[in-house]
Amino acid sequence: MDKIALTAGTLYVIVLLRAGGTFAVGWLAGAGARRSRFAGRISSGKFRRAERAIQRWGAPVVAASFLTVGFQTAANFLAGSMRMPLLRYLPALFVGGAAWALIYATAGLGVLEVLGRLFAERTALGVSAVAVLFLAVFGVVVYRSRRAVPSSGDTVAGES
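Parameters and conventions
- Residues numbered from 1 in each chain as written.
- Predicted model: local features only at pLDDT ≥ 70, side-chain atom pairs only at ≥ 80, totals over all residues.
- Heavy atoms only, no water.
- Axes fitted to C-alpha atoms, helices over the stretch in contact; angles between N-to-C directions.
- Helix = DSSP H or I, 4+ residues; strand = E, 2+ residues; numbered from the N terminus.
- Parallel < 35°, antiparallel > 145°, perpendicular 65-115°, else oblique.
- Left-handed = near helix turned anticlockwise from the far one by under 90°.
- Contact = heavy atoms within 4.5 Å.
- Nonpolar A, V, L, I, M, F, W, Y, C, P; charged D, E, K, R; others polar.
- Patch = residues over 30% accessible without salt bridge, like charges linked within 9 Å, V, L, I, M, F, W, Y side chains within 5 Å.
- Areas by Shrake-Rupley, 256 points an atom, 1.4 Å probe, with all protein chains shown as cover.
- Salt bridge = Lys/Arg side-chain N within 4 Å of Asp/Glu carboxyl O.
- 1 Å grid on protein atoms, 1.4 Å probe; cavity = no way out; pocket = protein on both sides within 12 Å on 5 of 7 lines; lining within 4 Å.
- Points joined across faces, edges and corners; volume = space filled by probe spheres on them.

J.: I'd like a rundown of the packing of helix H2 (residues 45-65) against helix H3 (residues 72-81), residues and numbers included.
T.: Two numbers describe how H2 lies on H3: the axes approach to 9 Å, and their chain directions differ by 160°. Between H2 and H3, the crossing angle belongs to the class labelled roughly antiparallel. Classified by chirality, the crossing of H3 by H2 is left-handed. Taken together, the residues of H3 that come into contact with H2 (itself represented by Ile54, Val62 and Ser65) are Gln72, Ala75, Asn76, Leu78 and Ala79. For the contact of H2 with H3, a count of residues per class yields five nonpolar, three polar and no charged.

Following this line, the structure appears as structure tokens:
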């Protein structure tokens, strides 16, 4: 149990620093944009309404973003750039970060323990499992990259 508590505590500090830093970078980027040539665009009524909605209702989204993969950074950056008040952001960061740290500490340590036992008891099976995992990830990356790039026979709408 001490190993889980230590891992969860370490991960919690890491996520607070990482997500809080992303929020701060977003805050600075938003402040810079408000002083740039984009200031006119981001002062529109639609933008102001979106900003107010994020400031008011963004905390649950930030907290839930920690339960997703790949959305945490965007949610924290957006919360910062849209000037979510710290009194709303920090509780969401603390709750979401704690959930993230506990999930990764328990499930992550469990997966590492299973892999460790697999390699210790059946090395060939462990190597095969890791090879299949890498091939699956590679296959997904190749599949996505091929879908993202239009083939030479495709034409863009409006081209002749």
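Let us keep going from here.
J.: I'd like to hear about unusual backbone geometry, residue by residue, with values.
T.: You will see that Arg83, though not glycine, has its phi angle at about 55°, which is positive. On the secondary structure map, Arg83 appears in the loop between H3 and helix H4 (86-121).

J.: Describe a nonpolar patch on the surface, naming the residues involved and giving the relevant values.
T.: The grouping of Val111, Leu112, Leu115, Phe119 and Val127 at the surface amounts to a nonpolar patch, some 420 Å² of accessible area in total. In terms of residue count, H4 provides more of the nonpolar patch than any other element does, four residues in total. Summarising the element assignment, Val127 is placed in helix H5 (residues 123-148).

J.: Quick one: what's the story with empty space enclosed by the protein, residue by residue and with numbers?
T.: A water-sized probe rolled over the atoms picks out the places where empty space is left. The final tally for this structure, using the stated rule, is one cavity of 30 Å³ or more. Within this model, the largest cavity holds a volume of roughly 30 Å³. Lining the largest cavity are Arg18, Ala19, Thr22, Gln72, Thr73 and Asn76. Looking at the lining of the largest cavity, the elements that each hand over two or more residues are helix H1 (2-34) and H3. For the lining of the largest cavity, the per-class residue count stands at one nonpolar, four polar and one charged.

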